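Per-entry structural report
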Amino acid sequence: MKTRTLGSQGLQVSILGLGCMGMSDFYGGRDEQESLRTIDRALDLGVTFFDTADMYGPYTNEELLGRALKGKRDQVVVATKFGIQRDPNDPAKRGINGRPEYVRQAVEGSLKRLGTDYIDLYYQHRVDPGTPIEETVGAMAELVKEGKVRYLGLSEAAPDTLRRASAVHPITALQTEYSLWSRDPEDEILPTCRELGIGFVPYSPLGRGFLTGQIQRFEDLAADDYRRHTPRFQGENFQKNLDLVARIREMAVEKGCTAGQLALAWVLAQGEDIVPIPGTKRVAYLEENLGAADIILSLEDLARINQIAPQHAAAGQRYPEAMMGSVNG
């Protein structure tokens, strides 16, 4: 397994990580044994970078990952996140909390659930508009001093927020959605990360599974799959995005790979400072995703992909309107 370095502080991880969210939440269907097999297989294949968050479940995804990594903790880089609070009576209701006292409360919970005494990469999951970023990152920096956290990250943070945060403590990684149908970070976010020496971790690099071509009908999504409520999976947008995937698949066939592998290879080709974390809960899809690391795209290939999927090629917003206000904060 090839490796890459995130940020300028020297955090080395596998070239592709494993996003664990779908094992416990949001995408419908739970199979804990298959999820555990998927994590075990990832370890066997050299994946060292595992991504979770306290709000996935909520809480159960950290517990699952902690069980899976028991006895193997020193072989891996564990990333988790805090800051999105879900109502215990109605998990669909959420708030954002970046207050310093909550940072400490959250990390203690994550450490316990993960069964570890330190977190390698600790992200603020969403920027709290009611708390200055300097205060949140200041509290996170205290955790580094105490040895409870090794490196700090932010998720869905705007360029100015990154600059202000970096003035308090080095930020190792920014996690933001980035794929062939979510290319907005190319405008300002990626250049800012490179200016500040911040690694870039794309989540949903397969467009929430859509770019794999496995989703052909709205009915392919389970009844409790949150993607049913996402604009890109609805109405006319769904068909327009299917047409986009068909063009990607056509090129993938010519390259001798799957549509998903081509989409991941494109993300990897955008820079050595980029480490995508495609999520899956199945061994077969994990193995397919990891195959993307061996695909070489020529300049001609990249130019063709850019024609197929230029910026703003996807139809519809990436989140429902109510959630768009919390991204790029």
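Residues numbered from 1 in each chain as written. Predicted model: local features only at pLDDT ≥ 70, side-chain atom pairs only at ≥ 80, totals over all residues. Heavy atoms only, no water.

1. Let's talk about the packing of helix α4 (residues 133-145) against helix α5 (residues 159-168)
- Running from amino to carboxyl end, α4 crosses α5 at an angle of 40°, the nearest separation of the two axes being 9 Å. By the angle between their axes, α4 is oblique relative to α5. For the crossing formed where α4 meets α5, the hand is right-handed. Between α4, through Ile 133, Glu 134, Val 137 and Gly 138, and α5, the contact on the second element is made entirely by Thr 161, Arg 164, Ala 165 and Val 168.
- Among the residues making up the contact of α4 with α5, the classes are represented as 4 nonpolar, 2 polar and 2 charged. (Axes fitted to C-alpha atoms, helices over the stretch in contact; angles between N-to-C directions. Helix = DSSP H or I, 4+ residues; strand = E, 2+ residues; numbered from the N terminus. Parallel < 35°, antiparallel > 145°, perpendicular 65-115°, else oblique. Left-handed = near helix turned anticlockwise from the far one by under 90°. Contact = heavy atoms within 4.5 Å. Nonpolar A, V, L, I, M, F, W, Y, C, P; charged D, E, K, R; others polar.)

2. Quick look at the pattern of salt bridges
- Considering all chains together, one arrives at 25 salt bridges under this definition.
- The partner of Lys 148 in a salt bridge is Glu 108, and the shortest N-O contact between them spans 2.4 Å. Linking Lys 148 in the loop between α4 and β9 (149-155) with Glu 108 in helix α3 (residues 100-114), this pair joins segments that are 40 residues apart in sequence.
- Residue Glu 108 is classed as partly exposed on the basis of its relative accessible area, which comes to 36%.
- Between Arg 208 and Glu 177 there is a salt bridge, with the nearest N and O atoms lying 2.9 Å from each other. (Salt bridge = Lys/Arg side-chain N within 4 Å of Asp/Glu carboxyl O. Buried < 20%, exposed > 50% of the residue type's maximum accessible area, 1.4 Å probe, protein only.)

3. As for the sheet that holds strand β11 (residues 199-203)
- What the 7 strands build is an open sheet, ordered β3-β4-β5-β8-β9-β10-β11; its pairing is parallel. Two strands bound the open sheet, and with one partner strand each, they are β3 (18-19) and β11.
- Note that β3 and strand β4 (residues 49-51) share 2 bridges and pair parallel. Across the sheet, Leu 18 pairs through a bridge with Phe 50, a residue of β4.
- Across the sheet, α3 is in contact with β5 (77-82), β8 (119-124) and β9; its angle to β8 comes to roughly 140°. (Pairing = 2+ DSSP bridges.)

4. Some remarks on the packing of aromatic side chains
- Counted according to the given criterion, the structure contains 7 aromatic pairs.
- For the pair Tyr 178 and Phe 200, a centre-to-centre distance of 5.6 Å together with 75° between the ring planes defines the contact as edge-to-face. Pair noted here: Tyr 178 is in the loop between β10 (173-177) and α6 (189-196) and Phe 200 is in strand β11, with a separation of 22 residues, a long-range link. Each member of the pair Tyr 178 and Phe 200 is classed as buried.
- Taken together, a centroid distance of 5.5 Å and an interplanar angle of 45° make the contact between Tyr 178 and Trp 266 tilted. Of this pair, Tyr 178 sits in the loop between β10 and α6 while Trp 266 sits in helix α8 (residues 259-268), placing them 88 residues apart in sequence.
- Taken together, Trp 181, Phe 210, Phe 233 and Phe 238 form an aromatic cluster joined through their ring pairs.
- The ring of Tyr 118 carries Arg 73 above its face, with NZ or CZ at 4.1 Å from the centroid. (Phe/Tyr/Trp six-rings, centres within 6.5 Å; stacked < 30°, edge-to-face > 60°. Lys NZ or Arg CZ within 6 Å of the ring centre and 35° of its normal.)

5. A closer look at the packing of α5 against α6
- Put simply, α5 and α6 touch, their axes get as near as 9 Å, and they point 15° apart. Taken together, the axes of α5 and α6 lie roughly parallel to each other. Of the two possible hands of crossing, α5 and α6 adopt the one that is right-handed. Residues Pro 159, Leu 162, Arg 163 and Ser 166 of α5 pack against Ile 189, Thr 192, Cys 193, Glu 195 and Leu 196 of α6.
- Residue composition of the contact of α5 with α6, by class: 5 nonpolar, 2 polar and 2 charged.

By themselves these figures say nothing about function.
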